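One letter stands for each residue in the lines below.
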Amino acid sequence: MIELKNLSKSFVTQDGPVDALRHVNLTIHDGDIYGIIGMSGAGKSTLVRCINMLERPTEGQVLMDGKNLGSLNKKEMQEMRHSVTMIFQGFNLLMQRTCLQNVMLPLRLSHVPKKEAEERARELLGMVELPDKANSYPAQLSGGQQQRVAIARALSTNPKVLLCDEATSALDPKTTHQILELIREINKRMGITVTVITHQMSVVQEICNRVAILENGTVVEEGDVSDVFSNPRAAATRSLVYPEMNEGSLLMSPAAQQIRLIFNGAPAARTPLIAQMAIDIQVAASILSASTRTIQDKAYGYMTLEIPGGPDELARAVKYLSAVPSVAVQVDVEYPAKEEEK
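Nothing here was measured: the structure is a model prediction, and the numbers come from that model. (Residues numbered from 1 in each chain as written. Predicted model: local features only at pLDDT ≥ 70, side-chain atom pairs only at ≥ 80, totals over all residues. Heavy atoms only, no water.)

**Student:** Looking at this model, I keep getting lost on the overall build of the protein chain. Mind explaining?
**Tutor:** In terms of helices and strands, the protein chain carries 11 helices and 14 strands. Looking at the protein chain as a whole, 49% of its 342 residues qualify as buried. For the protein chain, long-range pairs separated by at least 24 residues make up 68% of all intrachain contacts whose partners lie at least 6 apart in sequence. With an accessible surface of roughly 17100 Å², the protein chain has 49% of that area assigned to carbon and sulfur atoms. (Helix = DSSP H or I, 4+ residues; strand = E, 2+ residues; numbered from the N terminus. Buried < 20%, exposed > 50% of the residue type's maximum accessible area, 1.4 Å probe, protein only. Contact = heavy atoms within 4.5 Å. Areas by Shrake-Rupley, 256 points an atom, 1.4 Å probe, with all protein chains shown as cover.)

The structure is reproduced here in structure tokens:
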């Protein structure tokens, strides 16, 4: 288990001190695929470099299985970095060495006998589905293949934790999906805890089970991916999850009655819910905007509707839609209650 306690990191620049991280508290459990997401400059890369002590925190602690990494001596630090490895956006392979030699490198630096290191490297190249590229050089490979070699190299020391710093940002969508599937399989097969640093919510939704959102060096929201997607509370989270869902997005008119549906794991997002409402209660709503997605076989997202008629139609629509499991209804325009007829 990795625990970040009151973690802060400041840098001194020509323009003065910069607080890259401010009082970050997170817990990453064994076996998690944990996403850390934020826009450029949010502090993501600084955070991941603090986890393995490539950057020393200005304040706070990084604990791994209860041990404070900041208190390790040189030998203990080297051992820790064998158990906490990284892959990067730029792959960081040695271009003058073959793929086999790249994967062998951490083992040879740890004084593993050459024959044993080669056997292990070939095994790992097979695991990442590149057994035939052992004698190829990185320049002869595609970007996705180079990242597979980098993953094999990161696994060579049998780590407990794999840190992925924007590992798919340089890849096309199809290759990104393949690499994420590989990381998911490694997590499942080897039980390795994975931390994914990214600015792409699509990456988080595809493989992560928990996520933290960083903004200006601070964690503004954290939780299970499904919970965060279904009910984003912080403004930074909403802009990442549904960038088109912002306060000025509704097309308002003086007589408009608008409601927003939030789908939080309901199958209703895949059924003709609005058409069914028109049949059942004779309220034919217009869909103004919608954004839904599937996470772990459940539907999440939102839909903005305009309800025709007056407050009676609005009330009937809200009552009908509120009865649908796992669907929340937000009323954007509220009409005064209708006076009872005398």
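**Student:** Quick question: what am I supposed to make of the side chain of S8 here?
**Tutor:** Here S8 shows up in strand β1 (residues 2–13). Polar side-chain contacts of S8 include one of 2.9 Å to the backbone nitrogen of H23. What S8 contacts, discounting residues up to four positions off in sequence, is L21, R22, H23, P57, T58 and E59. (Polar contact = N/O pair within 3.5 Å; in protein donor to acceptor, adjacent residues only side chain to side chain.)

**Student:** Looking at this model, I keep getting lost on the nonpolar core. Mind explaining?
**Tutor:** For soluble globular proteins, the rule of thumb is that nonpolar side chains tend to be buried together. The biggest cluster of nonpolar side chains holds 52 residues, and the ones touching the most others in it are I87, L125, V149, I151 and I183. By residue number, the principal contributor to this core is helix α5 (residues 143–155), which donates six residues. Dropping the residues within four chain positions of it, I183 is found in contact with I87, I151, C164, V194 and I207. If you look at the next biggest cluster of nonpolar residues, it comprises 28 residues, including L21, I28, V62 and A212. (Core = buried A, V, L, I, M, F, W, Y, C linked by side-chain atoms within 4.5 Å.)

**Student:** I tried to follow the environment of L273 on my own but got confused; where do I start?
**Tutor:** Among the structural elements, L273 can be located in helix α10 (residues 273–281). We classify L273 as buried; its relative accessible area is 10%.

**Student:** I keep staring at the pattern of salt bridges and nothing clicks. Help me out?
**Tutor:** Here the idea is simple: oppositely charged side chains can pair when their charged atoms come close. A complete count under the given rule lists 10 salt bridges for this structure. E123 is the partner of R120 in a salt bridge, and the nearest nitrogen-oxygen pair spans 3.5 Å. In this pair, R120 and E123 both sit in helix α4 (residues 114–127), three residues apart, roughly one turn of the helix. Take E123: its relative accessible area is 47%, and that puts it in the partly exposed class. The salt bridge involving R184 is made with E181; its shortest N-O contact spans 2.9 Å. (Salt bridge = Lys/Arg side-chain N within 4 Å of Asp/Glu carboxyl O.)

**Student:** Any chance you could explain the sheet that holds strand β6 (residues 84–88) here in plain terms?
**Tutor:** Hydrogen bonds along the backbone pair up the strands of a sheet, which may run parallel or antiparallel. One open sheet accounts for six strands, arranged β6-β7-β8-β3-β9-β10; its pairing is mixed. Both edges of this open sheet fall to β6 and β10 (218–224), since each of them pairs with a single strand only. Strand-to-strand twist in this sheet, taken as the mean axis angle between neighbours without regard to direction, amounts to 15 degrees. Bridge count between β6 and strand β7 (residues 161–165): five bridges; the pairing is parallel. (Pairing = 2+ DSSP bridges. Axes fitted to C-alpha atoms, helices over the stretch in contact; angles between N-to-C directions.)

**Student:** Would you explain α4 in this entry?
**Tutor:** Each α-helix winds once per 3.6 residues, and so residues spaced three or four apart point in a common direction. When the terminal C-alpha atoms of α4 are compared, their 20 Å separation across 14 residues agrees well with the 20 Å that a helix rising 1.5 Å per residue should span. When α4 is considered as a whole, its buried residues turn out to be A117, R120, A121, L124, L125 and M127. One side of α4 holds all its buried residues, which, seen down the axis, span an arc of 150 degrees. Those residues of α4 hidden inside the fold are in contact with α3 (99–109), α5 and α6 (173–190). The first or second residue beyond α4 is E129, which carries a positive phi of 65 degrees. (Expected span 1.5 Å × (residues − 1). Arc of directions from axis to C-beta.)

**Student:** Would you explain the packing of α5 against α6 in this entry?
**Tutor:** α6 packs onto α5 with a crossing angle of 20 degrees between their chain directions and a minimal axis gap of 10 Å. If you check the angle between α5 and α6, you find them roughly parallel. By crossing handedness, the relation of α5 to α6 is classed as right-handed. Between α5 and α6, the contacting residues are G144, Q147, R148, I151 and L155 on the first element and T175, Q178, I179, L182, I183, I186 and M190 on the second. Looking at side-chain class alone, the contact of α5 with α6 contains seven nonpolar, four polar and one charged residues. (Parallel < 35°, antiparallel > 145°, perpendicular 65-115°, else oblique. Left-handed = near helix turned anticlockwise from the far one by under 90°. Nonpolar A, V, L, I, M, F, W, Y, C, P; charged D, E, K, R; others polar.)

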